[in-house]
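So you can see what is in the structure, the chains are spelled out below.
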Amino acid sequence: RSKAALFISTWDHPLAAAQLGAFLIALVLNQAWRSGITAHWTFLPWAPQANSVDKEAAWFTICSGPVRFTCVIDGDTIWYRGEKVRLAGIDAPEVTQPQCDREAELGERATVKLRDLLNEGPFTLERRWMDPHRDAYDRSLLTISRDGKLLGDEMVRLGLAHRYRAAGPHWCDP
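Residues numbered from 1 in each chain as written. Predicted model: local features only at pLDDT ≥ 70, side-chain atom pairs only at ≥ 80, totals over all residues. Heavy atoms only, no water.

**Q** Could you give me a rundown of the state of the cysteines, with the residues and numbers involved?
**A** Enumeration according to the criterion identifies two disulfides in this entry. Shown here is the disulfide that connects C63 with C71, its sulfur atoms set 2.1 Å apart. Looking along the S-S bond of the C63-C71 disulfide, the torsion reads about 95°, which is the right-handed sense. Like C63, the residue C71 is buried in the burial classification. Across the disulfide, C100 is cross-linked to C172 (sulfur-sulfur distance 2.1 Å). Disulfide C100-C172: torsion about the S-S bond near -105°, hence left-handed. Of this pair, C100 sits in the loop between strand 5 (90–91) and helix 3 (101–119) while C172 is found in the segment after strand 9 (162–163), placing the two residues 72 residues apart along the sequence. (Disulfide = S-S within 2.5 Å. Buried < 20%, exposed > 50% of the residue type's maximum accessible area, 1.4 Å probe, protein only. Helix = DSSP H or I, 4+ residues; strand = E, 2+ residues; numbered from the N terminus.)

**Q** Before we move on, could you go through helix 3 and cite the residues and values that matter?
**A** An ideal rise of 1.5 Å per residue puts 27 Å on 19 residues; helix 3 measures up with 27 Å between its terminal C-alpha atoms. For helix 3, the complete set of buried residues consists of E103, L106, G107, A110, T111, L114, L117, L118 and N119. Close packing links the buried residues of helix 3 with strand 1 (61–62), strand 2 (71–74), strand 3 (77–80), strand 4 (83–87), strand 7 (140–146) and helix 4 (151–157). (Expected span 1.5 Å × (residues − 1). Contact = heavy atoms within 4.5 Å.)

**Q** Just give me the short version of the environment of F123, but keep the residues and values in it.
**A** Among the secondary structure elements, F123 is positioned in the loop between helix 3 and strand 6 (124–126). On the basis of relative accessible area, F123 is assigned to the buried category, the value being 0%. For the pair formed by F123 and D54, sequence separation is 69 residues and the distance between their alpha carbons is 4.6 Å. Contacts of F123, omitting those with residues within four sequence positions, involve D54, K55, E56, A57, A58, F60, Y80, L118, I144, S145 and R146.

**Q** Outline the pattern of salt bridges, listing residues and values.
**A** The full count for this structure, using the stated rule, is eleven salt bridges. The residue R163 makes a salt bridge to D153 at a minimum N-O spacing of 2.8 Å. Here R163, found in strand 9, pairs with D153, found in helix 4; they are ten residues apart in sequence, far enough to count as distant. Between E154 and R157 there is a salt bridge, and its shortest N-O distance comes to 2.8 Å. Taken together, the residues E154 and R157, both in helix 4 and three residues apart, mark about one turn of the helix. A relative accessible area of 59% places R157 in the exposed class. Several salt bridges converge on common partners, so that one network encompasses D76, R86 and D91. (Salt bridge = Lys/Arg side-chain N within 4 Å of Asp/Glu carboxyl O.)

Shown next as C-alpha cells:
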C-alpha cells in the first residue's frame with residue numbers, strides 16, 4: 001500500500017477521529033483560556049461570583065497573545081470584557097518597555113499582584129467624577145474596588161504603584 005493509502009486508512013479508525021477531535025477541542029479551549037474569554041464562564045468552580053455590593057466578577061489571567069478579552073496587562077491596566085481599562089489614580093511600573101532591571105522586576109510583581117487581587121472575589125468598576133473618561137491611549141479610566149476599598153490603594157500600599165502624577169514616577173531611582 002502506498003503511504004497516502006496508509007494515511008487515509010488510519011483516519012478511518014474511530015479512535016483516531018476521536019483523538020483528533022479531542023486535540024482540536026483542547027486547542028480551541030487553550031486559546032480561549034489565554035485570551036481571557038473563559039473568565040466569564042461562571043459555571044467554573046474557581047470563578048468568582050458577583051454579589052449585591054460588587055456586581056462584577058471574572059477570573060483574570062496575565063495577558064498573552066494577540067487576542068485579549070479579560071486579563072491583566074500590567075499593574076495598572078487590564079482588559080475587561082473586551083475593553084481596555086486603566087486604573088485611575090495610580091501608576092505602576094512598565095513591563096513592556098522598562099527603563100531598568102528594577103522597574104522590570106517591580107512591573108512583573110505588580111502585574112501578578114493585580115491579577116491576584118482581582119481574582120480574590122467580586123469587584124466594582126466606577127468612573128470618578130473628576131477624571132476624564134479616557135486617557136491619551138484611549139483606555140477607559142476607572143477605579144476598581146471591593147467592599148468599598150480601592151484596589152489601587154492596596155497596590156500603592158504594597159509599593160507596587162504610586163499615586164498618579166503627570167511626570168510619572170522614577171522606578172529606576174533608588
